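So the chains spell out like this:
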Amino acid sequence: PGPPVLSPSAGALGLPSEPPQIQTPSREAEEEFYCVKWISWKGERTPVIMQSENGPCPLLAIMNILLLSRCFQVKLPPQKEVVTAEELMAHLGDCLLATQPREPSEGLQLNFQQNISDSMMVLPKLSTGLDVNVRFTGVSDFEYTPECIVFDLLNVPLYHGWLVDPQSPEVVQAVGKLSYNQLVEKIITCKQASDSSLVSEGNGPPALLWSLRGCWSPQPHCHPLSPSPGLVAEQFLESTASQLTYHGLCELTAAVREGELSVFFRNNHFSTMIKHKGHLYLLVTDQGFLQEEKVVWESLHNVDGDSCFCDTDFHLSHTPGKEGAAAAPPDHQRQQRQVDQDYMIALSLQQQQGQEPSTLSDLELAQQLQQEEYQQQQQQQHP
């Protein structure tokens, strides 16, 4: 069974609408096609499946991993420029069948047949959206759903970075080991209980009383000035609407192995991710970059969305975005170049000091950048 259906009042609370719900694939979705971008990857001409519209599409994230890793010998014709969702799912089905265990054990074979049956039921949903429900306790923690069988069979890691900072005990206690759906239900329940209890008291408007008490429900252990667990949980979701926290980014960088290809889930989107020299990068699959040969990877080094484009060898790329160079004003271009330059300076500083890239936080990187800029200014003033 799928996760609990959220109450309509979740929208009224202004809560995020994640995670995506199961969608029934339509005929149009099955006939959807994608452009193919050919890149040079580890000395070979390799296809990357691009995405025309921003959406979940875990099918592309998984297929691009299989193409880049060259697992199961997945190959496309050398001149292939367009591929359909049906073709991709056929390739994926072949890969799933290739996971059959070599041992003749009857138990293993029966388990494999059941897994294949389950995965074939899930396969059509890969081109629309999967039921993914994160837990906030670890980068690999998800509520297990039937859709997870595809990742398990293909040995494709699935990560997220939406974690609670252990240095925030109130949030840790309020969120606990709940999944996203369970946490939203908890918030709604607390809100409804609070409204009911405050109205029954008849001492004034619920909003005013709540602001004075700081609690949603008159619980004995709740101090009049301390926020209730429901309020703490709601504030956590609102303050981490990007679905990537600093603690999550640190844990993610530590958990992903060097050179490992994986799927990263964030904001209702599945991306192909890799770790290169201690840093995380996301594969650029936006169709707007189809003709941009030097835009292959996008750095994932902070929670605010600022990133740098890199080529297939992870060298910084100054290629303009899909709007083109003319669309970006000169000031914006200079600003972007400065951001890219600052990022590369931070990386070089780490290498010069012999530090592991993953040991520095964004704050420490920013402090190093400020120090470097100050030294540059001093050198210019006193040559």
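Residues numbered from 1 in each chain as written. Predicted model: local features only at pLDDT ≥ 70, side-chain atom pairs only at ≥ 80, totals over all residues. Heavy atoms only, no water.

1. Quick word on the pairing of strand S5 (residues 261-266)
Definition in use: When a residue's accessible area, from a 1.4 Å probe over protein chains only, is under 20% of the maximum for its type it is buried; when over 50% it is exposed; and in between it is partly exposed. Secondary structure follows DSSP: runs of H or I at least 4 residues long count as helices, runs of E at least 2 residues long count as strands, and numbering of each begins at the N terminus. One requirement defines pairing of two strands: DSSP has to find at least two bridges between them.
Within S5, six of the six residues are buried, leaving the element largely enclosed by the surrounding structure. Going residue by residue along S5, you find Leu 261, Val 263 and Phe 265 tucked away on one face and Ser 262, Phe 264 and Arg 266 tucked away on the opposite face as well. Judged from the two bridges that link them, strand S4 (residues 158-159) and S5 form a sheet pairing that is parallel. Its bridge partner lying in S5, Leu 158 is registered against Val 263. Connecting S5 to the next strand, strand S6 (residues 269-276), in antiparallel fashion are two residues, including Asn 267 with a positive phi near 50°.

2. So, the nonpolar core
Keep this limit in mind: For the purposes of this section, nonpolar cores are sets of buried Ala, Val, Leu, Ile, Met, Phe, Trp, Tyr and Cys residues that join through side-chain atoms within 4.5 Å.
Membership of the largest hydrophobic core comes to 68 residues, with the highest contact counts inside it found for Phe 136 and Trp 297. Ranked by residues supplied to this core, first place goes to helix H3 (residues 58-69) with nine residues.

3. Looking at the packing of H3 against helix H4 (residues 85-97)
The packing of two helices is summarised by the inter-axis angle and the distance between the axes. So the rule is basically this: To get an axis, a line is fitted to the C-alpha atoms, and for a helix only the part in contact is used. The angle between two axes follows their N-to-C directions and goes from 0 to 180 degrees. Relative orientations are named as follows: roughly parallel for angles under 35 degrees, roughly antiparallel for angles over 145 degrees, roughly perpendicular for angles from 65 to 115 degrees, and oblique for any other angle. It is the rotation of the near helix from the far one that decides the hand of a crossing: anticlockwise by less than a right angle makes it left-handed, clockwise makes it right-handed. Contacts are assigned to residue pairs that have any heavy atoms within 4.5 Å of one another. Amino acids are sorted into nonpolar (Ala, Val, Leu, Ile, Met, Phe, Trp, Tyr, Cys and Pro), charged (Asp, Glu, Lys and Arg) and polar (every other residue, Gly among them).
Where H3 contacts H4, the axes come no closer than 11 Å and their chain directions differ by 55°. One element, H3, and the other, H4, form an angle in the oblique class. The chirality of how H3 crosses H4 is left-handed. Residues Leu 59, Leu 60, Ile 62, Met 63 and Leu 66 of H3 form the contact with H4, whose participating residues are Ala 85, Leu 88, Met 89, His 91, Leu 92 and Cys 95. The residue makeup of the contact of H3 with H4, split by class, is 10 nonpolar, one polar and no charged.

4. Observations regarding the packing of aromatic side chains
We count it as follows: Any Phe, Tyr or Trp ring, taking Trp's six-membered ring, that has another such ring centre within 6.5 Å forms a pair; planes under 30 degrees apart are called stacked, those over 60 apart edge-to-face, and the others tilted.
Summed over all chains, the structure comprises nine aromatic pairs. Seen in terms of ring centroids, Tyr 281 and Phe 314 are 4.9 Å apart; in terms of plane orientation they differ by 55°. Their pairing is tilted. Here the residue Tyr 281 occupies a position in strand S7 (residues 279-283), and Phe 314 occupies one in the loop between strand S9 (309-310) and helix H12 (330-352), the gap between them amounting to 33 residues. Classification of Tyr 281 by relative accessible area gives buried; the value is 4%. With centroids separated by 5.0 Å and ring planes inclined at 55°, the aromatic side chains of Phe 289 and Phe 309 adopt a geometry described as tilted. Here Phe 309 lies in strand S9 and Phe 289 lies in the loop between S7 and strand S8 (297-299), a separation of 20 residues in the sequence. On the basis of relative accessible area, Phe 309 is assigned to the partly exposed category, the value being 23%.

5. Structural notes on the sheet that holds strand S3 (residues 82-84)
With respect to topology, three strands assemble into an open sheet ordered S2-S1-S3, the strand pairing being antiparallel. With partners counted over all chains shown, the strands left at the sheet margins are strand S2 (44-49) and S3, one partner each. With direction set aside, neighbouring strand axes in the sheet form an average angle of 40°. Here three bridges tie strand S1 (residues 33-41) to S3, and the two strands are oriented antiparallel to one another.

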